[in-house]
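Each chain, letter by letter, is given below.
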Amino acid sequence: MSEAERGDLTVRVATSLKAVPAGAWNACANPHALADAISPSAALPGDPALDRDNPFVSHEFLVALEDSRCTGGRTGWSPAYLLVEDDSGQLLAAAPSFLKSHSQGEYVFDHGWADAYERAGGRYYPKLQVAAPFTPATGPRLLVAEGMRAEEARAALVGGLEALRGQTRSSSVHVTFVQEPDVTTLKQAGYIERNDLQFHWQNEGFKTYDDFLATLASRKRKALKRERREALANGIAVDVLSGNDLTEAVWDDFFSFYEDTGTRKWGRPYLNRAFFSAVGAAMGERIVLVMAKRAGRYIAGAINFRGANTLYGRNWGCIEDHPFLHFEVCYHQAIDYAIAHGLARVEAGAQGEHKLARGYRPVMTRSLHHIADPGLRRPVAAYLAQEREQIAAAREALAAESPFRKTDTADD
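Residues numbered from 1 in each chain as written. Predicted model: local features only at pLDDT ≥ 70, side-chain atom pairs only at ≥ 80, totals over all residues. Heavy atoms only, no water.

Describe the packing of aromatic side chains, and please don't skip the residues or the numbers.
Counted according to the given criterion, the structure contains 25 aromatic pairs. Both rings, one in F61 and one in F305, keep their centres 5.7 Å apart while their planes meet at 90°; by these two values the pair is edge-to-face. Here F61 is found in helix α3 (residues 59-67), whereas its partner F305 is found in strand β13 (residues 297-306), with 244 residues between them in sequence. Residue F61 shares its accessibility class with F305, and that shared class is buried. Between F134 and Y270, the ring centres sit 5.3 Å apart and the planes meet at 15°, which makes this aromatic pair stacked. You can see F134 sitting in the loop between β7 (127-130) and β8 (143-144) and its partner Y270 sitting in the loop between α9 (248-266) and α10 (273-283), a full 136 residues away along the chain. Given a relative accessible area of 5%, F134 falls into the buried group. Counting every residue linked through ring pairs, the aromatic cluster contains F56, F61, W251, F254, F255, Y258, F275, F276, F305 and Y312. Sitting over the face of the ring of Y209, R228 holds its NZ or CZ atom 4.5 Å from the ring centroid. (Phe/Tyr/Trp six-rings, centres within 6.5 Å; stacked < 30°, edge-to-face > 60°. Helix = DSSP H or I, 4+ residues; strand = E, 2+ residues; numbered from the N terminus. Buried < 20%, exposed > 50% of the residue type's maximum accessible area, 1.4 Å probe, protein only. Lys NZ or Arg CZ within 6 Å of the ring centre and 35° of its normal.)

Can you break down the pattern of salt bridges residue by residue, with the values?
Should the charged atoms of two oppositely charged side chains come close, the side chains can pair. Taken as a whole, this structure holds 24 salt bridges when the rule is applied. Between K127 and D110 there is a salt bridge, with the nearest N and O atoms lying 2.7 Å from each other. Separated by 17 residues along the polypeptide, K127 in strand β7 and D110 in the loop between β6 (97-100) and α4 (111-119) bring together distant segments of the chain. With respect to burial, K127 and D110 carry one shared label: buried. Close ionic contact of R273 with D252 constitutes a salt bridge, the shortest N to O distance being 2.9 Å. Of this pair, R273 sits in helix α10 while D252 is found in helix α9, placing the two residues 21 residues apart along the sequence. (Salt bridge = Lys/Arg side-chain N within 4 Å of Asp/Glu carboxyl O.)

So what about the pairing of strand β14 (residues 310-318)? Which residues, and what values?
Counting buried positions along β14 yields nine of nine residues, so the element is predominantly enclosed. As consecutive antiparallel partners, β13 and β14 are separated by three residues. The pairing of β14 with strand β15 (residues 345-350) spans three bridges and is classified as parallel. Its bridge partner lying in β15, L311 is registered against V346. With respect to chirality, the unit in which β14 leads through helix α11 (residues 325-340) into the neighbouring parallel β15 is right-handed. (Pairing = 2+ DSSP bridges. Right-handed = clockwise from strand over helix to strand, strands pointing away.)

An account of the packing of helix α8 (residues 218-231) against α11 is needed here, citing residue identities and associated values.
Relative orientation of the contacting elements α8 and α11 amounts to 115°, with a least axis distance of 9 Å. Remark: the crossing between α8 and α11 carries left-handed chirality. When α8 is examined against α11, the residues L224, E227, R228 and A231 are found in contact with a partner set consisting of L325, F327, E328, H332, Q333 and D336. In the contact of α8 with α11, the residues fall into four nonpolar, two polar and four charged. (Axes fitted to C-alpha atoms, helices over the stretch in contact; angles between N-to-C directions. Left-handed = near helix turned anticlockwise from the far one by under 90°. Contact = heavy atoms within 4.5 Å. Nonpolar A, V, L, I, M, F, W, Y, C, P; charged D, E, K, R; others polar.)

Account for unusual backbone geometry, with residues named and values stated.
Cis geometry is found at the peptide bond from Y125 to P126, where omega equals 5°. Relative to the assigned elements, P126 resides in the loop between α4 and β7. At the junction of E180 and P181, the peptide bond is cis and its omega measures out at 5° in the coordinates. Tracing the backbone through its elements, the reader meets P181 in the loop between β9 (172-175) and α6 (182-188). A positive phi angle, close to 65°, is found at R69, a residue other than glycine. With respect to the helices and strands, the residue R69 is situated in the loop between α3 and β3 (77-79). At A295, a residue that is not glycine, the phi angle is positive and equals roughly 55°.

Now, about the sheet that holds β7: what can you tell me, with residues and values included?
Strand order in the open sheet made by the 11 strands is β3-β6-β7-β9-β16-β10-β15-β14-β13-β12-β11, with mixed pairing throughout. The strands lining the two open edges of the sheet, one partner per strand, are β3 and β11 (237-241). Across the sheet, the axes of successive neighbouring strands diverge by a mean angle of 30°, strand direction being ignored. The pairing of β7 with β9 spans three bridges and is parallel. Residue pairing for β9: L128 is matched across the bridge by V173.

So what's going on with the nonpolar core? Which residues, and what values?
Core analysis: the biggest nonpolar cluster contains 46 residues, and W25, F61, F254, F275, F276 and L289 have the highest contact counts within it. Those elements that provide at least two residues to this core are α1 (22-29), α3, β4 (81-85), β5 (91-95), α9, α10, β12 (287-294) and β13. With six residues, α9 is the largest single contributor of residues to this core. Core analysis: the next-biggest nonpolar cluster, separate from the first, contains 37 residues, A302, L325, F327 and F404 among them. (Core = buried A, V, L, I, M, F, W, Y, C linked by side-chain atoms within 4.5 Å.)

Which residues make up the state of the cysteines, and what are the values?
On inspection of all chains with the given rule, the structure shows zero disulfides. Residue C330 stays outside any disulfide, its sulfur separated by 9.4 Å from that of C318, the closest cysteine. The buried category is assigned to C330, whose relative accessible area is 12%. (Disulfide = S-S within 2.5 Å.)

Geometric values such as these leave the question of function open.
Here it is as structure tokens:
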């Protein structure tokens, strides 16, 4: 996309984030985090359900993907970072946008749309994806710095996405795992909403894990206590690593776990070994690596990233199978960490109704889609209207099956 003028604002595309200063990008990606760091009392109030410092849209995370060649090249994720600047060159807004030649690594599945469109003679790829690659975690997508021109810059960003779609002859724009105010902005621009479910754990001011257990029905408490005991049988211990603990030897072990899981689930893992070294060096203090050890060696692990008030569970793997070890390493240890560090929630990644029994609640996720061809847009819109109703009903049904104590029953 060539540079475009919108008043005295310039909208342009960068094909490498290394061409954008980290401070300028992060001031757009997580403006409230910057305010908190300077003066917590000066930080703007916001929705407590939102994380004020999302790690997955940070300059460090996205450059680690780029440096390790998980994005760019022949990956099918071609960086096309949209930038909005004023006449002095100051970055006012940005979007983590990519031209995609496939629909892998997104966790919002549109393969059926692509197949239908191409059978009808259309060309679905390339498409424009605004996302944190390989990361089904809700966060900001229209990244706008605080300031008097914030709304003007946001509008320029939305217009820039449509212009980039047209210039690249993309079929559509997909903005996935979106939070407010981006949802409202995109719906006002004609995007179609899509919903899905994840399972998140909510911290209700717990001081200990036992405080959390006390909110569960008696038999559920007993089941989880037994599950945790059995997970750590056979001489298994757990290490929680961060920062300088993340040595190359540790990453070697974790990558072997991750690679095994990825190979079995989808054929080829999205992330390579170089990524873990790169992201560990760039933002190791924001990584929480839970590693299980038996007989002097690591046998399983799960990687989490820490935001301002959220622990985000991402990838897991193992080289030995032990009963309940997956639940301990991925879910129970994450709750322990969140309680110990005063975090508001744990987001445990995509899918997984088994998380419900571990105290994770069903939460709606939202994505927004703009499809250029009316012949495809109409049936997709009709389908998504029905799907939203189904998702809402599923959420209600799952919530009714939660392990929490019912106030109108005596289960103790």
